[in-house]
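Observations on the model geometry
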Amino acid sequence: NAGVTQTPKFRVLKTGQSMTLLCAQDMNHEYMYWYRQDPGMGLRLIHYSVGEGTTAKGEVPDGYNVSRLKKQNFLLGLESAAPSQTSVYFCASSKREYNEQFFGPGTRLTVL
Amino acid sequence: AQSVTQLDSQVPVFEEAPVELRCNYSSSVSVYLFWYVQYPNQGLQLLLKYLSGSTLVKGINGFEAEFNKSQTSFHLRKPSVHISDTAEYFCAVTSGFGNEKLTFGTGTRLTIIP
């Protein structure tokens, strides 16, 4: 039981490049989330999903897109990376909305 | 709108001393409250949560928190800290209404001094 896994762990992009971050969970959770963590700002919700095939915007969705084609996977895409997107990205999942959220180990992204 | 304030960004404590990490929230409705811990270079994991019932909540690793509705607080406490408690601690709140999601505080970095 791996829990929540994220790939890649690290990535460096140039401004304007695109990339996709993959989150996978093996706990059969309905809800999945993408957060970004910046120094002094805590975690901010980017997008979330309440089930396969559904996505919704969080607090800071601009510049990101997501997809949830399979229940166990939640993809976060950056179409044209900007330096302001340099951050640590965390994926999380939960069985129901107010249950414990289980977090992945994070992806450290640097945009030059 | 809901919000969480963690006034202390850093808290240094001597090993085996008690510690309290402060969390205050604002919400116009009833709330669910959480404390998460983040060890260096790891994701967050749940320490404890308050959903309803007893206002004193016990969590993992000897931590506990008390929900105080009149003071809108949910402070985290441990009577005797260990080096392994060095981490960043996040308080989070949700009202559970509509589309309100979990709102995190900015975190408190707990440093244990040997």
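Residues numbered from 1 in each chain as written. Chains lettered and ligands numbered in written order. Predicted model: local features only at pLDDT ≥ 70, side-chain atom pairs only at ≥ 80, totals over all residues. Heavy atoms only, no water.

**Concerning the overall build of chain B**
We apply this condition: Under the DSSP-based scheme used, a helix requires at least four consecutive residues in state H or I and a strand at least two consecutive residues in state E, with every element numbered from the N terminus. All radius of gyration figures rest on C-alpha atoms, and the globule criterion is 2.2 Å times the number of residues raised to 0.38. Relative accessibility thresholds used throughout: buried, under 20% of the residue-type maximum; exposed, over 50%; partly exposed, between the two (1.4 Å probe, protein chains only). The method behind every accessible area is Shrake-Rupley, applied with a 1.4 Å probe, and residues are considered shielded solely by the protein chains displayed. Note on charges: Lys and Arg go in the positive column, Asp and Glu in the negative column, and His and the chain ends are not counted at all. Charge positions come from single atoms, namely NZ of Lys, CZ of Arg, CG of Asp or CD of Glu.
Per the secondary structure count, chain B includes zero helices and twelve strands. Its helices and strands in sequence order give chain B the pattern β-β-β-β-β-β-β-β-β-β-β-β, from N to C terminus. In summary, chain B has a C-alpha radius of gyration of 14 Å against a globular reference of 13 Å for 114 residues, a match within 12%. Overall size of chain B, expressed as C-alpha extent along the three principal axes, is 45 × 30 × 20 Å. Across the 114 residues that make up chain B, the buried fraction comes to 45%. Accessible surface, chain B as shown: approximately 5500 Å² in total, 50% of it carbon and sulfur. Distance between charge centres in chain B, computed from 8 positive and 9 negative side chains, equals 8 Å.

**Some thoughts on the confidence of the model for chain B**
Formally: pLDDT measures how confident the predictor is about each residue, on a scale from 0 to 100.
Overall, the predicted model of chain B reaches an average pLDDT of 91, with 95% of residues at or above 70. Model confidence for chain B, summarised as mean pLDDT per element, is weakest for strand E11 (residues 103-104) of chain B at 90 and strongest for strand E3 (residues 19-21) of chain B at 98.

**Here's the deal with unusual backbone geometry**
At the junction of Thr7(A) and Pro8(A), the peptide bond is cis and its omega measures out at -5° in the coordinates. Take Pro8(A): it is sitting in the loop between strand E1 (4-7) and strand E2 (10-13). Positive phi values are uncommon outside glycine, yet Asn28(A) reaches one of about 60°. The phi dihedral of Asn61(B) falls on the positive side, at around 60°, and the residue is not glycine. Examined against the element boundaries, Asn61(B) turns out to sit in the loop between strand E7 (56-58) and strand E8 (64-68).

**Considering the pairing of strand E2 (residues 10-14) of chain B**
Residue and element names in this part refer to chain B. Defined as follows: Strands were regarded as paired on the criterion that DSSP finds at least two bridges between them.
A one-sided burial pattern is seen for E2, the buried positions being Val-11 and Val-13 and the unburied ones Gln-10, Pro-12 and Phe-14. The pairing of E2 with strand E12 (residues 108-113) spans five bridges and is parallel. Directly across from Val-11, in E12, lies its bridge partner Leu-110.

**With respect to the sheet that holds E1(A)**
Residue and element names in this part refer to chain A. Stated precisely, the cut-off is as follows: To define axes, lines are fitted to C-alpha atoms, for helices over the stretch in contact only, and angles between the resulting N-to-C directions are given on a 0 to 180 degree scale.
What the four strands build is an open sheet, ordered E1-E3-E8-E7; its pairing is antiparallel. Only two strands of the sheet have a single neighbouring strand rather than two, namely E1 and strand E7 (65-67). Taken over all neighbouring pairs, the strand axes of this sheet differ in orientation by 20° on average, direction set aside. In this structure, E7 lies alongside strand E8 (residues 73-78), joined through three bridges in antiparallel fashion.

**Observations regarding the packing of aromatic side chains**
Short version of the rule: Two rings belonging to Phe, Tyr or Trp (six-membered ring only in the last case) form a pair when the distance between their centres is within 6.5 Å. Interplanar angles under 30 degrees mark stacking, angles over 60 mark edge-to-face geometry, and anything in between is tilted.
Tallied over the entire structure, the rule returns eleven aromatic pairs over all chains. Ring geometry for Tyr35(A) and Phe104(B): centres 5.5 Å apart, planes at 90°, overall edge-to-face. Placement of Tyr35(A) in strand E4 (residues 31-38) and of Phe104(B) in strand E11 is noted, with the two residues assigned to different chains. Aromatic side chains Phe103(A) and Phe104(B) sit 6.3 Å apart centroid to centroid with 80° between the ring planes, which places their arrangement in the edge-to-face category. Taken together, the positions of Phe103(A) in strand E10 (residues 102-103) and Phe104(B) in strand E11 put the pair across two chains. Each member of the pair, Phe103(A) as well as Phe104(B), carries the same accessibility label: buried.

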